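Geometric and topological summary
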Amino acid sequence: MENNKKMLDTASSPLAPQLAACEQPEVVLDLAVLMSLPGVSQRRDAPVLKRLLGIFVVETSRSVGLLQAALEHGDREQVGRLAHRMKSSALAIGALHLGTEARRLDSSLKAGSPLDPADGGIIAAAWRDARQALLDEGLLGADELRSIEASIGS
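Residues numbered from 1 in each chain as written. Predicted model: local features only at pLDDT ≥ 70, side-chain atom pairs only at ≥ 80, totals over all residues. Heavy atoms only, no water.

1. Overview of the packing of helix 4 (residues 47-73) against helix 7 (residues 118-136)
The interhelical angle for the contact between helix 4 and helix 7, taken along N-to-C directions, is 165°, at an axis separation of 9 Å. Between helix 4 and helix 7, the crossing angle belongs to the class labelled roughly antiparallel. Crossing hand, helix 4 versus helix 7: left-handed. Judged by residue contacts, Leu53, Phe56, Val57, Thr60, Ser61, Val64, Leu67, Gln68 and Leu71 of helix 4 engage Asp119, Gly120, Gly121, Ile123, Ala124, Trp127 and Leu134 from helix 7. By residue class, the composition of the contact of helix 4 with helix 7 is ten nonpolar, five polar and one charged. (Axes fitted to C-alpha atoms, helices over the stretch in contact; angles between N-to-C directions. Helix = DSSP H or I, 4+ residues; strand = E, 2+ residues; numbered from the N terminus. Parallel < 35°, antiparallel > 145°, perpendicular 65-115°, else oblique. Left-handed = near helix turned anticlockwise from the far one by under 90°. Contact = heavy atoms within 4.5 Å. Nonpolar A, V, L, I, M, F, W, Y, C, P; charged D, E, K, R; others polar.)

Quick look at the structure:
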């Protein structure tokens, strides 16, 4: 009964929409964004979709590694460039959680906050989630993803 009371009080608060938004899990991959990209036109089999995802995987994998290294070395400028670029590409492709974390880091640095090496782990985890979402949605197959990632070292 006490728990129900707390839920009712929260729901009747003037801040209810903001509170509800805070409690909702972060969207990892917004397919509506991805499917509405020019040339994709809601088609999962669009050739441009495979090319875009391939570029996104390569660039994001590289950027996450570079960002983690820059954080370890205290290279604020490099961290800022990488976070800014990652924010833009992730949000454009619909990887909302990754984009949100990169935007948070970018904004934090622009506000003068000190570098926090833990941000590398947060960004890496958001990238793993986005990568897994691409697999779970069948947008990339496991072999396809391995092949793309193998090309990074080449």
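Read on, since the account is not over.
2. Here we look at the nonpolar core
Among the nonpolar cores identified, the biggest contains 37 residues, and Leu34, Leu49, Leu53, Leu67, Leu98, Ile123 and Leu139 are the most heavily contacted of them. Contributing elements (two or more residues each) for this core: helix 3 (31-35), helix 4, helix 5 (76-93), helix 6 (96-110), helix 7 and helix 8 (142-150). Among the elements that line this core, the one with the most residues is helix 4, at nine residues. Setting aside residues up to four positions removed in sequence, Leu34 forms contacts with Val40, Leu49, Leu53, Ile93 and Leu139. (Core = buried A, V, L, I, M, F, W, Y, C linked by side-chain atoms within 4.5 Å. Buried < 20%, exposed > 50% of the residue type's maximum accessible area, 1.4 Å probe, protein only.)

3. Observations regarding the packing of aromatic side chains
Both the distance between ring centres and the angle between the ring planes are used here to describe each pair of aromatic rings. Applying the stated criterion to the full structure yields one aromatic pair. Measuring from ring centre to ring centre gives 5.6 Å for Phe56 and Trp127, while their planes differ by 80°; the resulting arrangement is edge-to-face. On the criterion of sequence distance, the pair formed by Phe56 in helix 4 and Trp127 in helix 7 is long-range, its members being 71 residues apart. (Phe/Tyr/Trp six-rings, centres within 6.5 Å; stacked < 30°, edge-to-face > 60°.)

These figures capture arrangement, not role.
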